[in-house]
Amino acid sequence: TTFDLADETGILLWLELPLWLPVVTAESRALALREYEGILRRVHHHPSIAVISLGCELDAAADAGLLDELRALVKHWLPGVLFCANSGSAEAYGGDPAAVAADDFYDYHFYCEPQFFQPLIDHFQRGYRPAKPWLFGEFCDADTLREYAQLQPPPFWLTGPVTMQRDELNWQRESAARLSAAGV
């Protein structure tokens, strides 16, 4: 598995658990607790797991109570890892910043052009917040809103079959036709 290979080669892993903008009900809360317990039970013995986050871009639906329960599971199964409750930041999605106060680091998802990266850091680096390291799980996406017509020869993912069929790959393939149809 990927975990075994990372253990053997000394590669450190960031495990982001599967919660993203959830609709939290009593049933989904119970399901999240069961799934996280199962995942952590299965992978806890891998020394390559160095960083973990409970979820990605969580809004106010992932309340402090749920995050505390999930955090307790992580701390039980992986006590030595660097931890963040909300990869992508709580305040950027309407979540409660106090719910992630116990995090070991900040992780913001700055999908921006390189010239806007430092201004975003300046904006989110608030003097009243505790100093913590910043780790970026996602940032500076290099294929968003690009002028594909200038790429010669066209990249393989625009012209030929690829293993994964994902919406964003289809959108890239269709970008020239869509722009033309829109009169751009």
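Residues numbered from 1 in each chain as written. Predicted model: local features only at pLDDT ≥ 70, side-chain atom pairs only at ≥ 80, totals over all residues. Heavy atoms only, no water.

**Examining the pairing of strand β3 (residues 82–87)**
Here's step 1: Within β3, five of the six residues are buried, which leaves it mostly tucked inside the rest of the structure.
Here's step 2: Here five bridges tie strand β2 (residues 49–56) to β3, and the two strands are oriented parallel to one another. Its bridge partner being in β3, Ile52 is matched across the sheet by Phe83.
Here's step 3: In terms of handedness, the path from β2 via helix α3 (residues 64–77) over to β3 forms a crossover that is right-handed. (Buried < 20%, exposed > 50% of the residue type's maximum accessible area, 1.4 Å probe, protein only. Helix = DSSP H or I, 4+ residues; strand = E, 2+ residues; numbered from the N terminus. Pairing = 2+ DSSP bridges. Right-handed = clockwise from strand over helix to strand, strands pointing away.)

**A few points about the confidence of the model for the chain**
Parts of the model with low pLDDT should not have their predicted coordinates read in detail.
Here's step 1: Mean pLDDT over the chain: 84, with 92% of residues reaching 70 or higher.
Here's step 2: Within the chain, the element-level pLDDT minimum falls on helix α5 (residues 156–159), averaging 76, and the maximum on helix α1 (residues 2–9), averaging 96. (pLDDT = per-residue confidence, 0-100.)

**A word on a nonpolar patch on the surface**
Here's step 1: Residues Trp20, Leu21 and Tyr93 make up a contiguous nonpolar surface patch of about 310 Å² in total accessible area.
Here's step 2: Take Trp20: its relative accessible area is 54%, and that puts it in the exposed class. (Patch = residues over 30% accessible without salt bridge, like charges linked within 9 Å, V, L, I, M, F, W, Y side chains within 5 Å. Areas by Shrake-Rupley, 256 points an atom, 1.4 Å probe, with all protein chains shown as cover. Salt bridge = Lys/Arg side-chain N within 4 Å of Asp/Glu carboxyl O.)

**Some thoughts on the sheet that holds β2**
Here's step 1: What the three strands build is an open sheet, ordered β1-β2-β3; its pairing is parallel. The sheet terminates laterally at β1 (13–16) and β3, the two strands that pair on one side only. Sheet twist, expressed as the average angle between the axes of neighbouring strands with direction ignored, equals 20°.
Here's step 2: With four bridges connecting them, β1 and β2 associate as parallel partners. Residue pairing across strands places Trp14 opposite Val51, the latter belonging to β2. (Axes fitted to C-alpha atoms, helices over the stretch in contact; angles between N-to-C directions.)

**Side note on α3**
What sets the pattern is the α-helix's 3.6 residues per turn: residues three or four places apart point alike.
Here's step 1: The end-to-end C-alpha distance of α3 is 20 Å, a good match for the 20 Å that 14 residues give at a rise of 1.5 Å each.
Here's step 2: Among the residues making up α3, those that are buried are Leu66, Leu67, Leu70, Arg71, Leu73, Val74 and Trp77. On an axial view of α3, the arc spanned by its buried residues comes to 155°, and they lie on one face.
Here's step 3: Tucked into the core, α3 has its buried residues touching α2 (26–43), β2 and β3.
Here's step 4: Backbone nitrogen of Gly65 and a side-chain oxygen of the N-cap are separated by 2.9 Å at the start of α3; the cap is Asp63. (Expected span 1.5 Å × (residues − 1). Arc of directions from axis to C-beta. Contact = heavy atoms within 4.5 Å. Polar contact = N/O pair within 3.5 Å; in protein donor to acceptor, adjacent residues only side chain to side chain.)

**Here we look at the packing of aromatic side chains**
Here's step 1: Applying the stated criterion to the full structure yields twelve aromatic pairs.
Here's step 2: Aromatic side chains Tyr108 and Trp134 sit 5.0 Å apart centroid to centroid with 50° between the ring planes, which places their arrangement in the tilted category. Of this pair, Tyr108 sits in the loop between β3 and α4 (117–124) while Trp134 sits in the loop between α4 and α5, and the two are 26 residues apart along the sequence.
Here's step 3: Here Tyr108 falls in the buried class, since its relative accessible area comes to 2%.
Here's step 4: For Trp134, a relative accessible area of 22% corresponds to the partly exposed category.
Here's step 5: The structure contains a cluster of three or more aromatic residues connected by ring pairs, namely Tyr106, Tyr108, Phe110, Phe117, Phe124, Trp134 and Phe136. (Phe/Tyr/Trp six-rings, centres within 6.5 Å; stacked < 30°, edge-to-face > 60°.)

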